[in-house]
Each structure stands twice: as structure tokens, then as C-alpha cells.
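# Summary of structural features
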Amino acid sequence: MPSSSAYDVIVIGAGHNGLTAAAYLGGAGLSTLVLERREVVGGCCVTEEIAAGCRASTTSYIASMLRPEVIRDLDLAAHGLRMVPCDPALQVPFPDGQVVPWWADRERTVAELRKISPRDAQTFTRVDDELKKLARYLQPFFLEPPPEVELDGLQSWWRLLQLGRRFRGITNQELARLISFLTGSLGDFLDRNYESEKVKTLFLANNVYGKHGGPYDPGTALGLLFHLLSGGEHELQGFYGHVIGGMGAITLALAAAARKRGVEIRTSAPAARIDVRGGRVKAVVLEDGTELAAHAVLSSADPKRTFLGLVDSKDLPSDFRQAVQGIKMNGPCAKVNLVLAEEPRVTGMPTGASPAQRSLFTLVPSLEFAEIPQELWVDCVVASNVDKTLAPKGRHIMTCFVQFVPYFLRQGTWDENRELLGDRVISKIGEYAPNVPGAVVARQILTPLDLERIYGLTEGNIFHGDLTLEQLFFMRPVPGWSQYRTPIAGLYLCGAGAHPGGGVTGAPGHNAAFQFLRDRRRGFRAANA
Ligand SMILES: Cc1cc2nc3c(=O)[nH]c(=O)nc-3n(C[C@H](O)[C@H](O)[C@H](O)COP(=O)(O)OP(=O)(O)OC[C@H]3O[C@@H](n4cnc5c(N)ncnc54)[C@H](O)[C@@H]3O)c2cc1C
């Protein structure tokens, strides 16, 4: 592409959503350029060297919701993507030495639960059937823009009809259950259905990721359904996958698929500004001053970075800017990635467990403790147990996702407290796997501030904005602008800040690309339409 002529589209950010959008746009024959501020592609879906010869999924670490449609459409398997189901999908060691796994095979899980509470084991089958059925109603909403509440006239009736079709066959009782899942709390749901604290803790380990607040907060029950959307190549409900080569294999496959479709990708190319003239996108200006003309821009940077950082305030209505300023971020997560000289030996892990079965465990506070934000929650994945490509012989890779740690510290700075966090996490793991503290060869500690500095996540928020009820569906990123369009003609949001939100799904990237293509076909000017 000669620098004097305009690209059809510039995509800002080579995270998995930016790359997904670019691949679809390239596939539609549009000249497409992706700009990434970091020296590598991947965003929060990346594999990086954390010590000589040792690689880890430095941020996201399990693939559970990557849309099967994206995997198929972009032929990611042909570009090297291989996922191995996590089985168990989840495993919780308890202080009394019992380790409770959640197997892919439901009957096997029921047998585990029976050892704890026969009543809860019986309830599990009924609840699982119900949850899976309700999740299937939500599934189609993932790969399309959310319902537009602001439409009027015929359009609104047409939309209502479409919505009605989605729920054809739903009983009144199911509808009531669905609404209670959308608005209710995980804690109340668990208290209503289960008697054993251990069984409740198992559910808790699987939910309430990435946000402050506890399991009794309204809207937290929704996580139960999100996790039961189908994922992986074979569209399994509740799929959890290890990605061979680490999560970066997903974005490398996406980048390869995009390049195959003619997309150009530039790394170490931070966008400084989106130029707008007459209410329409004109160009992207890089930090080094290079100006790149474009007919449209899709930004996968989070909404605050995009609208408050890249766009001049005079180009946006003040109420829109205010709404963006009000998006709740304040990420509660950190990551500690370890190279170990020995595999962790978790107390109580069955002696016959295979390396793959020993590859994950979650240290989770009980329901009451989960209400106290200071209590560390650590989700550990021994990725090298399933993937020998990550480390040389004799070295083991364990990634540890940590919450609830605030971006805003009451005292001191994260630069002062980084090592303390690392020490606390390792000591917490040592309570359950006593050989770990003595086996640490190298460690990488990513505080919420590091997630912001390195990966570009405002306030370290892993989802580009909290996944709370008031920031989901037609309220995401802000009410009135859930259709990926923005008040600036030709500017679209295509990252996790848009519907359906965060996680490695590819859905916002897919949906934004198709929205843009539809608008383009209609010759539609997004602003003032
Ligand atoms: C620690 C952590 C653990 C997680 N664990 C999981 C998990 O196990 N499973 C899961 O499904 N999800 C997980 N997530 C969430 C998930 O990774 C993210 O929600 C998702 O990857 C966001 O994808 P994205 O493409 O929308 O944005 P990002 O991955 O954030 O990509 C945006 C890209 O834009 C770039 N960018 C920003 N500004 C500019 C600019 N001005 N110019 C050029 N480029 C720019 C950034 O550098 C970045 O590469 C985790 C996230 C984190 C941080």
C-alpha cells in the first residue's frame, strides 16, 4: 500500500480481537493495516519468554470461550492452533488435604461430589442440565450486536420479533430463571441449591473472575452461564482448553490467517491520535508522527484509551465522553508466572493422577472469605505438564492468576509492593504445595499497574471494563453505543470493551467487522444516522 493512498481500514491493536476483525476485513477484500504498540502481537493472549528458554502464557492462560465459528472461518487449525481439553477442567485442594476435581465427564464429577454430599451430587445433575439449557438461549447473542433499545418505529418491532424467535420454546419458568441468572448473585444461587461448603467453593472457583466484589453481588450468577457457552473446535459446552505453545498460539494463528488474507501488521507502531475531519475518521497518526490515511478505523484498545486518549475531546459529544469516563475499570487481578525446578506436589493429589490431571489447581477462599477482597485467590496452571515445548527438561512452568488485588493501593505504590505480592502468592501456594517455594528458579510478577503499562489495559482491567450487569449487552461500552459504531463516522470499537465483553472469545472483533461491512454495504455514515 503506497503511503499516500488511504487504507480501507486501520485496526488499532493486535490483540486477538483486533486480529480477528482484521482477518475478516482482509477476507472481504479490504486493504487493512493493523497497528500494534508492542513489539509483539497478541495483546493479552500471548506467549512470552520469562527466563532463558522458558515460555509462558504471561496474561490469559486458558482458552474456554474462543468462538468455534472464528476457529472454523479463519481455519486456525491450519495455522497451527491446537487445544487440548483440560480434564479436570477445575480442581480445588482444600486445607484438610482433600482435592476435588471437576471432570469433563459429568458422571465422574457426580461420583466425586457424592463423597462430599450425596444430596449435592444429586442436585448437581439437575442444576447442570438446567444451566446448560439456559446457556444455549444466550449463545446466539454472543456473535451478533446486542438488541438496540434505542430504535423506534418499525425497526424496533422487527428487532423485537427477532428477539422473540430466539426464545421460541422457552417456558415461563425458564424465562424467570434466566432473568434471575442475569440479575441474581452466585452466592444466593449456591446457598439455595447446595448444602456443602466444599461444593459451593468448587463453583466459586469457576466464577467471579476479574472483578471486585464478592459472590453475593447482584449479577454474579451470570458467570455460571457464560462458562457453559460452547467453546473449542468441537463446540463443547463448558469447554476449557490448554493451548499448545501457550495462548500466543491463538494470536499467532490469527495473525497468520490475517496475513493470508492480505492484511498488513506493523508492530512497535503505537497510535498516538485518530484524526477526525468533519465528523469522519481521516487518518491515524503514530507516536513518531507518521500519518496513515484510512477510510475507517476499528480500535481494539479499550474504550478509555480509544475515546479519551486517541480522539480529541472536541470530536466527541461531551455526554458521550462523560459516559466513557464513567466506565468502571479498577482491575482486581495480577499474574505471577513461575519457572520451577520441580513440578508442584499438591497435598492430597491422588497418586495415580497423570501429569495432565495434575496441571491445574485453584486456591480459593470459601464463600465468606471471598467477600473480603484482601484474601488472595490463586488459580495455578502447570502448563509444562501438558506442553513440553514451553521449557527445557528439568524446568516447569506454572502461571498463577491472582485476585483480588486493587489497582489503587491504599498505601504505597505497586512498584514498591511488587515483590511483596510475589512473596505472598508463593507462600499461599506453599500452604497447598509445600515444595513450590523452594523450587522457584525465576518469577515474573505482573501487578495491575504492570498490566496497564505493558499490555495497555487501563487500570489493569482484564476485560476492558468490568463485566457487571450495568456494563453488559446494550449498555456496553456505554448506553446508546452498543452496535460497535461510535459518534465519529467510520470509527468502530472492536475490542473487549464492546459487546459481549472480555475473555478470549474473538466475538467483539468478529461482530465489529461484520457491523462495519454491513454499514459499508449500505453506504451508511455511522454518525448522525
Ligand atoms: C492476567 C490476565 C489473565 C487472563 N486470563 C484469561 C483466561 O485465562 N481466559 C480468557 O478467556 N481470558 C482471560 N483474560 C482476559 C482476556 O485475555 C482479555 O479480555 C482479551 O484478551 C482482550 O482481548 P482484546 O483483543 O479485546 O484486547 P487486548 O488483548 O487488550 O489487545 C488490545 C491491543 O491493543 C494494543 N494497543 C492499545 N493501545 C494502542 C495504541 N495506541 N496503538 C497501537 N496498539 C495499541 C495493545 O497493546 C494490545 O495489544 C485474562 C487477561 C489478563 C490480563
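Going by the structure above, here's the rest.
Summary of the structure given here. (Residues numbered from 1 in each chain as written. Predicted model: local features only at pLDDT ≥ 70, side-chain atom pairs only at ≥ 80, totals over all residues. Heavy atoms only, no water.)

## Details of the packing of helix H1 (residues 16-27) against helix H16 (residues 507-521)
Put simply, H1 and H16 touch, their axes get as near as 7 Å, and they point 35° apart. Crossing of H1 against H16: the hand is right-handed. Contact with H1, carried on its side by Asn-17, Thr-20, Ala-21, Tyr-24 and Leu-25, involves Ala-507, Pro-508, Gly-509, His-510, Ala-513, Phe-514, Phe-516 and Leu-517 of H16 and no other residues of that element. (Axes fitted to C-alpha atoms, helices over the stretch in contact; angles between N-to-C directions. Helix = DSSP H or I, 4+ residues; strand = E, 2+ residues; numbered from the N terminus. Left-handed = near helix turned anticlockwise from the far one by under 90°. Contact = heavy atoms within 4.5 Å.)

## Concerning helix H8 (residues 197-205)
The buried count for H8 comes to eight of nine residues, which makes it a mostly enclosed element. Along H8, the residues that are buried comprise Lys-198, Val-199, Lys-200, Thr-201, Leu-202, Phe-203, Leu-204 and Ala-205. Its side-chain oxygen at 3.1 Å from the backbone nitrogen of Lys-198, Ser-196 defines the N-terminal cap of H8. (Buried < 20%, exposed > 50% of the residue type's maximum accessible area, 1.4 Å probe, protein only. Polar contact = N/O pair within 3.5 Å; in protein donor to acceptor, adjacent residues only side chain to side chain.)

## Examining the sheet that holds strand S17 (residues 377-382)
One open sheet holds the five strands; their spatial order is S16-S17-S18-S15-S19, and the pairing between them is antiparallel. Of all the strands in the sheet, just strand S16 (360-363) and strand S19 (440-446) have a single pairing partner and so form its edges. Between one strand axis and the next, the sheet turns through 15° on average, direction left out of account. Pairing geometry for S16 and S17, over four bridges, is antiparallel. Among the inter-strand pairings, Leu-363 is bridged to a residue of S17, identified as Val-378. Each of strand S15 (333-340), S16, S17, strand S18 (396-403) and S19 touches helix H13 (residues 414-432); the most contacted strand, S19, lies at about 125° to it. (Pairing = 2+ DSSP bridges.)

## Focus: the nonpolar core
Ranked by size, the top nonpolar core spans 71 residues in total, and within it Ile-10, Leu-25, Ile-250, Ile-274, Val-297, Leu-298 and Phe-516 carry the most contacts. A per-element tally of this core places helix H10 (residues 248-260) first, with seven residues. Ile-274 has contacts with Ile-12, Val-281, Ala-283, Val-297, Leu-310, Val-311 and Leu-491, leaving out every residue within four places of it along the chain. By size, the runner-up hydrophobic cluster in this structure holds 45 residues, among which are Phe-94, Phe-142, Leu-202 and Leu-225. (Core = buried A, V, L, I, M, F, W, Y, C linked by side-chain atoms within 4.5 Å.)

## Overview of H10
Taking 1.5 Å of rise per residue, 13 residues should cover 18 Å, and H10 covers 18 Å from first to last C-alpha, within 8% of that figure. Among the residues of H10, Gly-248, Ala-249, Ile-250, Thr-251, Ala-253, Leu-254, Ala-255, Ala-257 and Ala-258 are the ones counted as buried. As for H10, its buried residues are in contact with H1, strand S3 (47-51), helix H2 (68-73), strand S10 (241-243) and strand S11 (264-266). Gly-262, located one to two residues past H10, shows a positive phi value of around 90°. (Expected span 1.5 Å × (residues − 1).)

## Some points on the pairing of strand S14 (residues 291-299)
Direction of pairing for strand S1 (residues 7-12) relative to S14: parallel, over a ladder of five bridges. What sits directly across from Val-11, in S14, is Leu-298. Of the strand pairs in this sheet, strand S13 (residues 280-286) and S14 are connected by three bridges, and their pairing is antiparallel. Looking at S14, one finds that Ala-283 is bridged to Ala-293. Linking two consecutive strands that pair antiparallel, namely S13 and S14, is a turn of four residues; a positive phi of about 95° is found at Gly-289 within it. Examined bridge by bridge, S14 and strand S20 (residues 491-493) share three bridges and lie parallel to one another. When the bridges of S20 are listed, Leu-298 appears paired with Tyr-492.

## Focus: the site of the ligand
Around the ligand lies a shell of 33 residues, among which Asn-17, Glu-36, Ile-462, Ala-496 and Val-504 are the nearest. At 2.8 Å from an oxygen atom of the ligand is found a main-chain nitrogen or oxygen belonging to Val-504. Secondary structure elements with two or more residues in the shell around the ligand: H1 and helix H11 (303-310). (Near = heavy atom within 4 Å.)

## Regarding the packing of aromatic side chains
Counted according to the given criterion, the structure contains 11 aromatic pairs. Between the aromatic rings of Phe-320 and Trp-481, the centroid separation amounts to 5.8 Å while the plane-to-plane angle is 85°, which identifies the pairing as edge-to-face. Of the two residues, Phe-320 is situated in helix H12 (residues 318-325) and Trp-481 in the loop between helix H15 (448-455) and S20; the sequence distance between them amounts to 161 residues. Here Phe-320 falls in the buried class, since its relative accessible area comes to 4%. The structure contains a cluster of three or more aromatic residues connected by ring pairs, namely Trp-102, Phe-124, Tyr-194 and Phe-203. When the ring centre of Phe-94 is taken as reference, the NZ or CZ atom of Lys-198 above it lies at 5.3 Å. (Phe/Tyr/Trp six-rings, centres within 6.5 Å; stacked < 30°, edge-to-face > 60°. Lys NZ or Arg CZ within 6 Å of the ring centre and 35° of its normal.)

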